[in-house]
Amino acid sequence: MKEVPNMKFRSLGGSRQAVLDSPEALRQALNLDPAQWAMTGIRSSALLCDPDFLDCLDPDKSGRIRIDDVRELLKWCLDVSSSGDGFVESSPELSLADLNRESVDGKRIFDSARAILRAAGKPETSFITLELAAEYRETIVSALLNGDGVIQPDLLEKENPNDAAYAAAVMK
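The structure contained in this document is the topic of the report that follows. Computed from a predicted model, the values in this text were never measured in an experiment. (Residues numbered from 1 in each chain as written. Predicted model: local features only at pLDDT ≥ 70, side-chain atom pairs only at ≥ 80, totals over all residues. Heavy atoms only, no water.)

**Considerations on the overall build of the chain**
Quick reminder of the rule: Only DSSP runs of H or I covering at least 4 residues are called helices, and only runs of E covering at least 2 are called strands; the numbering of each starts at the N terminus. Any two residues whose heavy atoms approach within 4.5 Å are treated as being in contact. Accessible surface is estimated by sampling points in the Shrake-Rupley manner with a 1.4 Å probe; for residues, cover comes only from the protein chains shown.
A tally of regular secondary structure across the chain gives seven helices and six strands. Counting helices and strands in the order they occur from the N terminus, the chain gives β-β-α-β-α-β-α-β-α-β-α-α-α. Taking as baseline every contact in the chain between residues at least 6 positions apart, the subset at least 24 positions apart corresponds to 39%. Taken as a whole, the chain presents about 11,700 Å² of accessible surface, with 54% of it coming from carbon and sulfur.

Right under this line is the structure:
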């Protein structure tokens, strides 16, 4: 790896660590030499955060998050973002304007966010929160007809006990 010009570092815990405070710094981090990373690997179970986020950081399900895993996620984040600002600001909201709709995944996220906002009765809202997306996911997962083709007997029981008995008999 080559030297990264204009990369800012500061001393934290007795070691020099990169300061990732701008979209440009995030881009520069992709070229940092592994020796300049604060970590080279960590057990994913040692991190206390959203399990879905950890799945993104550990795509090969090795149980370890390595520099290349972080770099790949960082590349993806920069690809789906039109400016990169949303990844350096500390905000519970994701501005839909910050999504790069020229990117396949950026467009999918934009379209999904719009669908969630419409379902929540907020079609004109210009941002989405993780909380709103999680609420929508829970609503879909717990719906009898959620599009996955699986009939959940416990949900069917709530809707119509006779159908539940019939479904239970068929599944035996």
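**Let's talk about the packing of helix 4 (residues 104-119) against helix 5 (residues 130-141)**
For any two helices packed against each other, the geometry comes down to the angle between their axes and how far apart the axes lie. Filter applied, for reference: Helix axes are fitted to C-alpha atoms over the stretch in contact, other axes to C-alpha atoms as well, and angles between N-to-C directions run from 0 to 180 degrees. An angle below 35 degrees is treated as roughly parallel, one above 145 as roughly antiparallel, one from 65 to 115 as roughly perpendicular, and anything else as oblique. Residues are grouped as follows: nonpolar covers Ala, Val, Leu, Ile, Met, Phe, Trp, Tyr, Cys and Pro; charged covers Asp, Glu, Lys and Arg; every other residue, Gly included, is treated as polar.
Where helix 4 contacts helix 5, the two axes come as close as 10 Å, and the packing angle between them is 75°. Between helix 4 and helix 5, the interaxial angle falls into the category roughly perpendicular. Contacts from Ile116, Leu117 and Ala119 in helix 4 reach Leu132, Ala133 and Tyr136 in helix 5. Looking at side-chain class alone, the contact of helix 4 with helix 5 contains six nonpolar, no polar and no charged residues.

**Brief notes about the side chain of Ser103**
So the rule is basically this: To sort residues, take the accessible area from a 1.4 Å probe on protein chains only and compare it with the maximum for the residue type: under 20% means buried, over 50% means exposed, and anything in between is partly exposed.
Along the chain, the position of Ser103 falls in the loop between strand 5 (93-95) and helix 4. Judged by its relative accessible area of 6%, Ser103 falls in the buried class. Contacts of Ser103, omitting those with residues within four sequence positions, involve Asp79 and Val80.

**Quick notes on unusual backbone geometry**
In this model, Lys61 sits at a positive phi of 55°, which is unusual for a non-glycine residue. Examined against the element boundaries, Lys61 turns out to sit in the loop between helix 2 (51-57) and strand 4 (64-66). The class of Lys61 is exposed, set by a relative accessible area of 55%.

**Structural notes on the packing of aromatic side chains**
To describe a pair of aromatic rings, one takes the distance between the centres and the angle between the planes. Our working definition: Pairing of aromatic rings covers Phe, Tyr and Trp, the last counted by its six-membered ring, and requires centre-to-centre distances within 6.5 Å; plane angles under 30 degrees mean stacked, over 60 mean edge-to-face, and any other angle means tilted. To sit over a ring, a charge needs its Lys NZ or Arg CZ within 6 Å of the ring centre and within 35 degrees of the ring normal.
Throughout the structure, instances matching the rule amount to zero aromatic pairs. Cation over ring: Arg16 sits above Phe9, and NZ or CZ is 4.4 Å from the ring centre. Across from the ring centre of Phe110, 4.1 Å away, lies the NZ or CZ of Arg101, which sits over that ring.

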